[in-house]
Amino acid sequence: MSSIVSVSNLTKVFSTKDGDFEALKGIDLDVEEGDIYGIIGMSGAGKSTLVRCFNFLERPTGGHVVVEGRDLAELSDKELREQRSRIGMIFQNFNLLMQKNVMDNVCFPLTTRGVKKSEARKRAKELLKTVGLEDKAKSYPAQLSGGQKQRVAIARALATNPRILLCDEATSALDPQTTASILELLKRINKEMGITIIVITHQMSVVREICNRVAIIESGRLVENGTVERVFTHPKSRAARKLIIGGVEELDSPDANRIIEELHEEKKIRIVFSENSSYEPVISNMIMTIGSPVNILRADTKSVNGTAKGEMILGLPSSVEAQDRIIDYLKEHNLEVEEVTGDVE
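Residues numbered from 1 in each chain as written. Predicted model: local features only at pLDDT ≥ 70, side-chain atom pairs only at ≥ 80, totals over all residues. Heavy atoms only, no water.

(A) Quick peek at the pattern of salt bridges. On inspection of all chains with the given rule, the structure shows eight salt bridges. The salt bridge partner of glutamate 58 is lysine 12, with a shortest N-O separation of 3.6 Å. Placement of glutamate 58 in the loop between helix H1 (47-53) and strand S4 (62-67) and of lysine 12 in strand S1 (residues 3-16) is noted, with a sequence separation of 46 residues between them. Pair check on accessibility: glutamate 58 and lysine 12 agree, each one buried. Here lysine 187 ties to glutamate 209 by a salt bridge, and the two come within 2.9 Å at their closest N and O atoms. A residue pair is termed long-range when its members are at least 10 positions apart, and lysine 187 in helix H6 (residues 176-193) and glutamate 209 in helix H7 (residues 204-210) qualify at 22 residues. For glutamate 209, a relative accessible area of 33% gives the class partly exposed. Taken together, the shared-partner salt bridges connect Glu184, Lys187 and Glu209 into one network. (Salt bridge = Lys/Arg side-chain N within 4 Å of Asp/Glu carboxyl O. Helix = DSSP H or I, 4+ residues; strand = E, 2+ residues; numbered from the N terminus. Buried < 20%, exposed > 50% of the residue type's maximum accessible area, 1.4 Å probe, protein only.)

Take a look at the structure:
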């Protein structure tokens, strides 16, 4: 796979009345063609600024953004407009034209580019069928539910045959059931149309459900990236551990800082179960074999890209010998084991 978006040493500085504010600080990342790539972070972390740099709606202060092999900074205004037509975008608040019906909303990016009305309407009808709204062509946005509005926005974003779709908090305003249906639609678009999708979110559940790779942004810096499975199994940054070890679903949650500090055992370990071992009584068998109790401080099983992944945080006995025997036993049974400390950097 080749990189369809490549960002190197990207910085963005905003000038305010209180002085300069550095929103992005030397970001490096690559999105491969066909990825569903998640970018997750708290409000104000810089993730939305980053995604707007991908199509130069925000011009970076420094660094490079290369899309489909073209450095956006080197393009003329006309070339940049053409490149932007290959990058669709959907937003949390849908951004539909309230005075136009669904058909005209989907046609809008085509007619503004000079496409004949008949051809634009034909394309719009195809896309409304793709998103399951062919019966809503004459409806107006005010007559639609939030999920239906987002489907119209997706159809509009697809009108110009983009190779990349940017989704900026696209499900944040939706209820869980509607969110699930929108994520399923995005997965189908990625698979059937081969469109690379970049998802901006503060919800780990969205990343787990749809993404194959993820980058975590904290205070304008990229603090961790990799496959979703790797980050889930071996989170290294504080932000990732809040989401995964801490058991919070959103980095903006008030519970996000209440993690390892609550766990008072002298030594703690985190174990990750594979799909095949998630339901085996490994812990009870270990206790009977070793003859030493453990304290289960946290336990959960989640789906990561359709694969069951279980995890536990265990408080171990004070005996170093017993600790070593427990860890050896778990590793012998092919479980991922890592020590958890109060310092989660």
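Next comes the rest of the account.
(B) Looking closely at the environment of lysine 25. Here lysine 25 is to be found in strand S2 (residues 19-32). Put simply, lysine 25 and lysine 12 are 13 residues apart on the chain and 7.1 Å apart in space, counted from C-alpha to C-alpha. Sequence-distant contacts of lysine 25, that is, excluding residues within four places in its chain, are made with Leu10, Thr11, Ser219, Gly220 and Arg221. In this structure the side chain of lysine 25 is engaged in a polar contact, spanning 3.3 Å, whose partner is the backbone oxygen of serine 219. (Contact = heavy atoms within 4.5 Å. Polar contact = N/O pair within 3.5 Å; in protein donor to acceptor, adjacent residues only side chain to side chain.)

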